[in-house]
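Each chain, written out:
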Amino acid sequence: MATPYVPLLKEELDIVIPTIRNLDFLEMWRPFFQPYHLIIVQDGDPNKTINVPPGFDYELYNRNDINRILGPKASCISFKDSACRCFGYMVSKKKYIYTIDDDCFVAKDPSGKEINALEQHIKNLLCPSTPFFFNTLYDPYREGADFVRGYPFSLREGAPTAVSHGLWLNIPDYDAPTQLVKPLERNSRYVDAVLTIPKGTLFPMCGMNLAFDRELIGPAMYFGLMGDGQPIGRYDDMWAGWCVKVICDHLGLGVKTGLPYIWHSKASNPFVNLKKEYKGIFWQEEIIPFFQSATLPKECTSVQKCYIELSKQVKEKLGPVDPYFNKLADAMVTWIEAWDELNNTSEAASSKEANGVAAK
């Protein structure tokens, strides 16, 4: 008799999904997602009706809701871009977030067993990371693995894991030039491994199969100002990843990548993507060295303080590259202000409580 599936962290995790279409893909995920609360962020036309399969516990926000809830600060939330998903991170009240795209289906491992991606992400997040010293057996906390000879005992407790970055079978997460020269390429390589990305090393974060500890790193998970009205798209999740990694390195937090896999079913149009990415392809040659050399002062003891400091450096160092980065830096500040207002974490709220005035 099969052991019944017991959902982990059922009351402590929200699933955030950005979409412009009916969420029929949830049927495939029903055995794994139905116990959890969903936050659906509808992009595009707010008058369009999005159908959600019956039986799911969810709340749905469209652009009108975002404008109503955030007021003038809604300007920091991207429109006509999957970056709108980060509004779901802001309104969630749970400790953990899992976000997935609506063209991602349940993958199977090499034995043919369906992969419960959410469960693997949770295991990654609940397990320490090893950013300060690389273990050649990858994740030493997995069953059947341990720290190898020569690994300092003083570092074996590890660091808290803030981010779990999952991967994809079938359609790879390629940029437009790579899509154009490899239109038929598919990823069939399943690697049974999870590893911690070392301190000081950046990575290209993909938002289609991603989980994070909202309490540890949530305010830095801003997916940038992209899409409609902006000169760039498809860099939203990577921008968040670069900011997050610099802040995690500063605060002593870990980022894991590897398992779990999902099945990415739909290749986006490379010509449309090229138009969105065109400026980013040039700009990333300035952006990545900026993040590689970015340092945060010791006074930055919270994610919010780190993020505001990063926004100042973005304006100073990347502003001369293009005026867009001044706009993005301002949006980063607006994002933190909106996050703090919605989550009662601002210094102003703390000050009111300290003075006996209840924060709203």
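Residues numbered from 1 in each chain as written. Predicted model: local features only at pLDDT ≥ 70, side-chain atom pairs only at ≥ 80, totals over all residues. Heavy atoms only, no water.

## What to know about the UniProt feature "glycosylation site" (unreviewed entry) in the protein chain
Note the following rule: UniProt positions are given in the numbering used here, feature names are shortened, and annotations may be inferred rather than shown by experiment. Each residue is placed in one exposure class: buried if its accessible area under a 1.4 Å probe, protein chains only, is under 20% of its type's maximum, exposed if it is over 50%, and partly exposed if it falls in between.
Mapped onto this numbering, the UniProt entry gives "glycosylation site" (unreviewed entry) at R149. Relative accessible area serves as the criterion here: at 83%, R149 is assigned to the exposed category.

## A few points about the pattern of salt bridges
Stated formally: Criterion for a salt bridge: a side-chain nitrogen of Lys or Arg within 4 Å of a carboxyl oxygen of Asp or Glu. In this description a helix means any DSSP run of H or I spanning at least four residues, a strand means any run of E spanning at least two, and both kinds are numbered starting from the N terminus.
Counted according to the given criterion, the structure contains 16 salt bridges. With a shortest N-O distance of 2.8 Å, R21 and D102 are connected by a salt bridge. In this pair, R21 is assigned in the loop between β1 (13-19) and α1 (26-33) and D102 in the loop between β4 (96-100) and β5 (104-105), connecting sequence segments 81 residues apart. By relative accessible area, D102 is classed as buried at 11%. A salt bridge links K182 to E185, with the shortest nitrogen-to-oxygen separation between them at 3.8 Å. Here K182 falls in the partly exposed class, since its relative accessible area comes to 39%. One network of salt bridges, with partners in common, ties together K95, D213 and E215.

## Notes on the environment of A145
For clarity, the cut-off: In what follows, residue pairs with any heavy atoms lying within 4.5 Å of each other are defined as contacts.
Here A145 lies in the loop between α4 (117-126) and β6 (161-170). If near-sequence neighbours (up to four positions away) are discounted, A145 is found in contact with L137, D139 and P140.

## Here's the deal with the packing of aromatic side chains
Basically, it comes down to this: Pairing of aromatic rings covers Phe, Tyr and Trp, the last counted by its six-membered ring, and requires centre-to-centre distances within 6.5 Å; plane angles under 30 degrees mean stacked, over 60 mean edge-to-face, and any other angle means tilted. Two conditions define a charge sitting above a ring: the NZ of Lys or the CZ of Arg must be within 6 Å of the ring centre, and it must be within 35 degrees of the ring normal.
Applying the stated criterion across every chain, the model contains 21 aromatic pairs. Between Y222 and W335, the aromatic rings sit 4.9 Å apart at their centres with planes inclined by 20°, giving stacked as the arrangement. Placement of Y222 in the loop between α6 (214-217) and α7 (236-251) and of W335 in helix α10 (residues 324-343) is noted, with a sequence separation of 113 residues between them. Across this residue pair, the class does not change: Y222 and W335 are buried. Cluster of aromatic residues (ring-pair linked, three or more members): W239, W242, W283, F290, F291, Y324 and F325. One cation-aromatic arrangement involves R156 over F153; the distance from NZ or CZ to the ring centre is 3.8 Å.

## Describing the UniProt feature "site: Required for activity" (unreviewed entry) in the protein chain
Per the UniProt record, "site: Required for activity" (unreviewed entry) is found at R149 and R156. As for its placement among the helices and strands, R149 is situated in the loop between α4 and β6.

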